[in-house]
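Structural description and commentary
Residue strings, one per chain:
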Amino acid sequence: SVANSPWMGGKGDLVKMFTDSMKKAGMRAALYLSPWDQHAPSSMSSYAQVFKTQFTELLSNYGTVYETTFDGFNSPGSNGTPATVNWADTFRLGRMLQSNILIWAGPEVVQLATAGNPPAIADLQWIGNENGQASRTTSSLNVNNCAKTGSGTTIGTNDWCPWETNVSSHMPNWFWHPGQSPVSVAQLENLYFQSVGMNSTLLLNIPPDQTGDFDPKDVTALQSFGTWYHSTFQTDVLKSAPATGDSTWATAGFEAAKAVDDDVCTYWAAASGKTTGTLEVTPAAAVTINVISIREPIQMGERVTKYHVEINQNGSWTTPSDTHATKVAGTVIGNRQLWQLNQVTATGVRLVVESARDVPLIAELAAY
């Protein structure tokens, strides 16, 4: 432990250094606490108190903690291991200590927590792989890895649980290994599109090396990724262009223009009672498009259940294909869908909502 190390005379507090640095950078701190403990170990009957003490310390001494992570791998009660931790009570303890904390848990922990009496449900869920891969059907209304009973049955029909897509820059390894190069910038770009661009969040692990520093190759790759990101999403060619909807909510403030105003807090709303809709944007001149971005106002939920995008070329409307030869069409929009195109030139872009759970709402229809 730190107390037994020569570092800072055994008085160092690495967690405080981390949380202080996060605050200084204007970032929100989250903490991972491994339920699998090979030192205590987590199989001993008294481990429940050890784990509770650690968790209480982490959520009591470092200011606001926005998220906590419980890995499911070999966690107490999973894979035949002794059930030394009451996961439902652990979730409740976390929310008592930090009222706004988000709890991410692996499916093994989730199943034990939702089997509690009363059950406790996680706030965020694992995508099911460590390859950084979500899918076009990833939906926060699918709570398969977030709220399962002991029989594997999903509980609740109106639960909401966003997905976290995790991957390491040194995949397939999670930790740093001598001589291994990190993923390329091109791979980082793909990871972004297949996670954030598919209605998920991206948890990108950058492992320190044996000295505690980040590998210079990782740092260079991240800097290059930042440059790529800035240049890719710098100019929305549909921003402020004339936009029309085939219907509009009767109250002012929900016009089609709200979908192209570069503000995700405003949105176009179709008319009351509608479950379909068409949003059309016509730039003043032809535009070149590499990426299409679509967003629903996520605070209003996932509404769209089927949609496609059309572009106008030479007066003809067609649905383009992305760089993987897949038509730009799907069943989920959610927080964000990003579609990469082989560069096309268009004089108009149209989003067609074919079906929705309620009145279609679109916060962003953008092209880059």
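Structural notes, computed from the coordinates. (Residues numbered from 1 in each chain as written. Predicted model: local features only at pLDDT ≥ 70, side-chain atom pairs only at ≥ 80, totals over all residues. Heavy atoms only, no water.)

The next subject is the overall build of the protein. Within the protein one finds six helices and 17 strands. Taking the principal axes of the C-alpha coordinates as reference, the protein spans close to 70 × 50 × 35 Å. Considering the protein as a whole, with its 368 residues, one finds that 45% of them fall into the buried category. A separation threshold of at least 6 residues defines the contact pool for the protein, and within that pool the share at least 24 residues apart is 69%. When the accessible area of the protein is evaluated, it comes to approximately 18100 Å², of which 53% is carbon and sulfur surface. Each charge sign in the protein was given a centre, from 21 positive and 31 negative side chains, and these centres are 3 Å apart. (Helix = DSSP H or I, 4+ residues; strand = E, 2+ residues; numbered from the N terminus. Buried < 20%, exposed > 50% of the residue type's maximum accessible area, 1.4 Å probe, protein only. Contact = heavy atoms within 4.5 Å. Areas by Shrake-Rupley, 256 points an atom, 1.4 Å probe, with all protein chains shown as cover. Lys, Arg positive; Asp, Glu negative; His and termini not counted. Charge placed at Lys NZ, Arg CZ, Asp CG, Glu CD.)

Aromatic ring pairs are reported here in terms of the distance separating the ring centres and the angle at which the planes meet. The final tally for this structure, using the stated rule, is 20 aromatic pairs. Taken together, a centroid distance of 6.1 Å and an interplanar angle of 55 degrees make the contact between Y192 and F225 tilted. Here the residue Y192 occupies a position in helix 5 (residues 185-193), and F225 occupies one in helix 6 (residues 216-232), the gap between them amounting to 33 residues. For the pair formed by Y192 and F225, the shared burial category is buried. Through a chain of ring-to-ring contacts, three or more aromatic side chains come together here, namely Y192, F193, F225, W228, Y229, F233 and Y368. Over the ring of W339 we find R136, and its NZ or CZ is 3.7 Å from the ring centre. Sitting above the plane of the W317 ring, R350 keeps its charged end 3.8 Å from the centroid. (Phe/Tyr/Trp six-rings, centres within 6.5 Å; stacked < 30°, edge-to-face > 60°. Lys NZ or Arg CZ within 6 Å of the ring centre and 35° of its normal.)

The next thing to look at is the packing of helix 3 (residues 87-97) against helix 4 (residues 107-114). Contact geometry of helix 3 with helix 4 gives a least axis separation of 7 Å together with a crossing angle of 95 degrees. As judged from the angle between their axes, helix 3 and helix 4 are roughly perpendicular. For the pair helix 3 and helix 4, the contacting residues are W87, A88 and F91 in the first and V109, L112 and A113 in the second. Among the residues making up the contact of helix 3 with helix 4, the classes are represented as six nonpolar, no polar and no charged. (Axes fitted to C-alpha atoms, helices over the stretch in contact; angles between N-to-C directions. Parallel < 35°, antiparallel > 145°, perpendicular 65-115°, else oblique. Nonpolar A, V, L, I, M, F, W, Y, C, P; charged D, E, K, R; others polar.)

Residues V2, W7, M8, L14 and M17 make up a contiguous nonpolar surface patch of roughly 470 Å² in combined accessible area. Among the structural elements, M8 can be located in the segment before helix 1 (14-24). (Patch = residues over 30% accessible without salt bridge, like charges linked within 9 Å, V, L, I, M, F, W, Y side chains within 5 Å. Salt bridge = Lys/Arg side-chain N within 4 Å of Asp/Glu carboxyl O.)

In terms of nonpolar packing, the biggest core is built from 36 residues, with L279, I289, I294, L351 and L365 touching the most fellow members. Every element with two or more residues in this core is listed here: strand 8 (268-269), strand 9 (277-281), strand 10 (287-295), strand 11 (304-313), strand 14 (337-346), strand 15 (348-356), strand 16 (361-362) and strand 17 (364-367). Apart from the residues lying within four places of it in its own chain, the contact partners of I294 are Y307, V309, I333, N335, R336, Q337, W339, L351, E364 and L365. (Core = buried A, V, L, I, M, F, W, Y, C linked by side-chain atoms within 4.5 Å.)

Of the strand pairs in this sheet, strand 5 (residues 163-168) and strand 6 (residues 201-205) are connected by five bridges, and their pairing is parallel. Across the sheet, the residue bridging to V167 is L204, located in strand 6. (Pairing = 2+ DSSP bridges.)

This brings us to the state of the cysteines. Applying the stated criterion across every chain yields a total of one disulfide. Disulfide partner of C146: C161, at an S-S distance of 2.1 Å. Looking along the S-S bond of the C146-C161 disulfide, the torsion reads about 80 degrees, which is the right-handed sense. With C146 in the loop between strand 4 (125-126) and strand 5 and C161 in the loop between strand 4 and strand 5, this pair connects stretches of sequence that are 15 residues apart. For C146, a relative accessible area of 1% translates into the label buried. (Disulfide = S-S within 2.5 Å.)

This part covers the sheet that holds strand 2 (residues 67-70). Two orientations exist for strands paired in a sheet by backbone hydrogen bonds: parallel and antiparallel. Strand order in this open sheet of three strands is 1-2-3, and the pairing throughout is parallel. Each edge of the open sheet is held by one strand with a lone partner, namely strand 1 (30-32) and strand 3 (102-105). The average undirected angle you get between the axes of adjacent strands in this sheet is 15 degrees.

Between helix 5 and helix 6, the shortest axis-to-axis distance is 9 Å and the interhelical angle comes to 55 degrees. Here helix 5 is positioned oblique relative to helix 6, judged by the angle of their axes. Judged by the twist between their axes, the crossing of helix 5 over helix 6 is right-handed. Where helix 5 approaches helix 6, its residues V185, L188, E189, Y192 and F193 are matched on the opposing element by A221, S224, F225, W228 and Y229. The class makeup of the residues in the contact of helix 5 with helix 6 is eight nonpolar, one polar and one charged. (Left-handed = near helix turned anticlockwise from the far one by under 90°.)

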